[in-house]
Amino acid sequence: HYNLFKQAQTPRSFLIDAGVAVNGYASDITRTYAFDQGSDFAEMIRVMDRVQLELVAAGGLGKCPVELNVLSQLKVAEILRQFDVLKVSAEEAFEADLTAVFYPHGLGHHLGCNVHDRGSNLANAQGDKIPASEKYPKLRSSAPMVANQIHTVEPGLYFIPALLDKLRAGEHAAMLNWSRVDMFIPYGGIRIEDNIVVHQDGRLENLTRDAFAAIE
C-alpha cells in the first residue's frame, strides 16, 4: 500500500519563498526555477523576471500601490496572452477579472520589523485609514510610497486547479485556451519577489538584486 501513495513524479519546478532577519529587520524574497530550461514554463519565468523589473522601476515617491497593482495585473494578462493561455486580449481578460484567477494577490507589502509590516493602509501618523479600493478591497498596501520605506514587489502567475475549475465552469470559459492551461498546471506557478527601498531623492534601490549580484 505504501508504494500506491508514493508514486515517483518528474520534478518540473521549484519555488522558494524565504528570507532572513538582520538586526531586527525582516526580508522576504521569492524565486522560481524550471528543471527543463527549454520548456515554455522556463521561458515564462524569464518573461516574468523582465516584467517584475519593469514593475520595480514603476515605483517611486508618491506612487499609488493600487495603481501599481492594476499595472501588474495588466502585465500578467499580457504574459498569459503571449503564451497563448488567453484567447482574448490582455485588456479584455483584465476587464473580465480573469487575471485574478491566475494572480490572486497584491503586488506587494511594506517590509520592516515584520514581514508584513504595519501602516501600509494608513493616511497619516494619527492612524486614519485610507478607504479601501472598490476593485481590490483586500490589498495590503494603499498608502502612497514615501521616502525610506521598504516594499516588496512580487507579481505572481499560478495555475491553481481549484480556481481554474471554477473558471472552466463559468461564463468566461471560452476566453481561455484550456489545452495550454492544462499543460501549465503541473508546473504550479511563478512568483519573483524583490525588496526595494525608496530614497529621499527619488532613487529606488533594489536590495535583493544588489545582494544577489554581490554574491555572484
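Residues numbered from 1 in each chain as written. Predicted model: local features only at pLDDT ≥ 70, side-chain atom pairs only at ≥ 80, totals over all residues. Heavy atoms only, no water.

Draft legend 1. Structural detail: the overall build of the protein. Helix and strand content of the protein: eight helices and seven strands. Against the globule reference of 17 Å for 216 residues, the protein gives a C-alpha radius of gyration of 19 Å, in line with a compact fold. For the protein, the spread of C-alpha atoms along the principal axes amounts to about 55 × 40 × 35 Å. Here the protein holds 216 residues, and the buried ones make up 43% of them. Nonlocal contacts in the protein, meaning residues at least 24 apart in sequence, comprise 69% of its contacts between residues at least 6 apart. Measuring between centres, the 20 positive side-chain charges of the protein sit 4 Å from its 27 negative side-chain charges. (Helix = DSSP H or I, 4+ residues; strand = E, 2+ residues; numbered from the N terminus. Rg over C-alpha atoms; globule rule 2.2 N^0.38 Å. Buried < 20%, exposed > 50% of the residue type's maximum accessible area, 1.4 Å probe, protein only. Contact = heavy atoms within 4.5 Å. Lys, Arg positive; Asp, Glu negative; His and termini not counted. Charge placed at Lys NZ, Arg CZ, Asp CG, Glu CD.)

Draft legend 2. The arrangement of unusual backbone geometry in detail. Of note, the phi angle at aspartate 84 is positive, near 65°, even though the residue is not glycine. Turning to its location among the elements, aspartate 84 is positioned in the loop between α3 (65–82) and α4 (90–95). On the accessibility criterion, aspartate 84 (35% relative accessible area) is partly exposed. The phi dihedral of asparagine 148 is positive, around 70°, even though this residue is not glycine. Note that asparagine 148 resides in the loop between α5 (99–102) and β3 (150–153). Relative accessible area serves as the criterion here: at 59%, asparagine 148 is assigned to the exposed category.

Draft legend 3. Just the packing of aromatic side chains, in detail. For the coordinates displayed, the defined rule picks out four aromatic pairs. Geometrically, the ring pair formed by phenylalanine 41 and tyrosine 187 is stacked, given 4.6 Å between the ring centres and 15° between the ring planes. Taken as a pair, phenylalanine 41 in helix α2 (residues 40–57) and tyrosine 187 in the loop between α7 (178–184) and β5 (189–191) lie far apart in primary sequence, 146 residues in all. For tyrosine 187, a relative accessible area of 13% gives the class buried. Through pairs of rings, three or more aromatic residues link up here, namely Phe83, Phe102, Phe159 and Phe184. Residue placement shows arginine 12 over the ring face of tyrosine 187; its charged tip is 5.5 Å from the ring centre. Cation over ring: lysine 135 sits above phenylalanine 94, and NZ or CZ is 5.0 Å from the ring centre. (Phe/Tyr/Trp six-rings, centres within 6.5 Å; stacked < 30°, edge-to-face > 60°. Lys NZ or Arg CZ within 6 Å of the ring centre and 35° of its normal.)

Just geometry here; none of it tells us what the structure is for.
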